[in-house]
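A closer look at the structure
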Amino acid sequence: MAVKLPPGIEPVENFESDRFLGKWYEIARLDHSFERGLDQVSAEYSLKRGGGIKVVNSGYKTASKKWKSATGKAYFVKDESVGFLKVSFFGPFYGAYGVFELGEDYEYAFIAGDTTKYLWFLARTPTVSDELKADFESSAAALGFNVDNLIYVDQSLPPEARPEKN
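Rules of the game
- Residues numbered from 1 in each chain as written.
- Predicted model: local features only at pLDDT ≥ 70, side-chain atom pairs only at ≥ 80, totals over all residues.
- Heavy atoms only, no water.
- Patch = residues over 30% accessible without salt bridge, like charges linked within 9 Å, V, L, I, M, F, W, Y side chains within 5 Å.
- Areas by Shrake-Rupley, 256 points an atom, 1.4 Å probe, with all protein chains shown as cover.
- Salt bridge = Lys/Arg side-chain N within 4 Å of Asp/Glu carboxyl O.
- Lys, Arg positive; Asp, Glu negative; His and termini not counted.
- Charge placed at Lys NZ, Arg CZ, Asp CG, Glu CD.
- Helix = DSSP H or I, 4+ residues; strand = E, 2+ residues; numbered from the N terminus.
- Buried < 20%, exposed > 50% of the residue type's maximum accessible area, 1.4 Å probe, protein only.
- Expected span 1.5 Å × (residues − 1).
- Arc of directions from axis to C-beta.
- Contact = heavy atoms within 4.5 Å.
- Pairing = 2+ DSSP bridges.
- Phe/Tyr/Trp six-rings, centres within 6.5 Å; stacked < 30°, edge-to-face > 60°.
- Lys NZ or Arg CZ within 6 Å of the ring centre and 35° of its normal.

**A look at a negative patch on the surface**
A surface patch of negative charge is lined by E10, E13, D79 and E80. Turning to its location among the elements, E13 is positioned in the segment before α1 (17–20). Overall, the relative accessible area of 63% leaves E13 in the exposed class.

**A look at a nonpolar patch on the surface**
Taken together, the side chains of F34, F90 and F93 present a nonpolar region at the surface, about 380 Å² in accessible area. With respect to the helices and strands, the residue F93 is situated in strand β6 (residues 93–102).

**With respect to helix α2 (residues 130–142)**
Between its first and last C-alpha atoms α2 spans 18 Å; for 13 residues at 1.5 Å apiece the expected length is 18 Å, and the two agree. The complete set of buried residues in α2 reads L132, F136 and A140. Angularly, the buried residues of α2 cover 65° about the axis, an arc narrow enough to put them on a single face. Those residues of α2 that are exposed and aimed more than 90 degrees away from the buried face are D130, E131 and A142. Buried residues belonging to α2 abut β1 (22–30), β7 (108–112), β8 (119–123) and β9 (150–152). Two residues or fewer past α2, G144 is found with a positive phi of approximately 95°.

**Details of the pairing of strand β3 (residues 53–61)**
Looking at chain direction, strand β2 (residues 38–47) and β3 are connected through eight bridges and run antiparallel. Following the sheet pairing, E44 is matched in β3 by V56. Counted along the chain from β2 to the antiparallel partner β3, the turn is five residues long, and its residue G50 has a positive phi close to 90°. By the bridge criterion, nine bridges tie β3 to strand β4 (residues 66–76) in an arrangement that is antiparallel. Bridge assignment links N57 to a residue of β4, and that residue is A70. Hairpin connection from β3 to β4: four residues lie between these consecutive antiparallel strands, with K65 at a positive phi of about 55°.

**A look at the packing of aromatic side chains**
Per the counting criterion, the structure on display carries 17 aromatic pairs. Each ring, one from F15 and one from Y106, has its centre 6.3 Å from the other, and the planes form 50°; the classification is tilted. Note that F15 is positioned in the segment before α1 and Y106 in the loop between β6 and β7, a separation of 91 residues in sequence. With relative accessibility at 5%, the residue F15 sits in the buried group. You can call Y106 buried: its relative accessible area is 5%. An angle of 65° between the planes, with centres 4.9 Å apart, marks the rings of F110 and F136 as edge-to-face. A residue pair is termed long-range when its members are at least 10 positions apart, and F110 in strand β7 and F136 in helix α2 qualify at 26 residues. In this structure, F110 and F136 share a single accessibility class: buried. One aromatic cluster is present, formed by F15, F20, W24, Y45, F76, Y97 and Y106 through successive ring pairs. Above the plane of the ring of Y94 lies K86, whose end atom (NZ or CZ) is 4.9 Å from the centre.

Structure follows, in structure tokens:
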């Protein structure tokens, strides 16, 4: 089954995967089961041997006071110059990962899944300006996402206190 993005979501073009690699902090998301209860969420992207991108998502499970991580894989749906990937953390099942807005210096990214129930705001730093948050909410609302249900992730743990490996 092919992955798709919600109507009206256009992935960025002139995407440079090498600039996208590295660590990102989750600023906001819509709630979903696989990240429920997590704070201090980050994603690390690196090249995967044999092609594709390795994805390591990490977060702090507040209730159990434990770090949790999941490793997945991502592949470009069209070509590497379009910010549209398919991502899997569960065997042969893939979900859409569409970068629909990207900072000029790759300092932030707005990402959609295959429906308007999946939305993420990532940044290279644990905090961003209120203006950028407002831009994210405005862009997402215009595309049909329910921004009233956004979760702004607690990123108050200083980067040096985060575990290097989970």
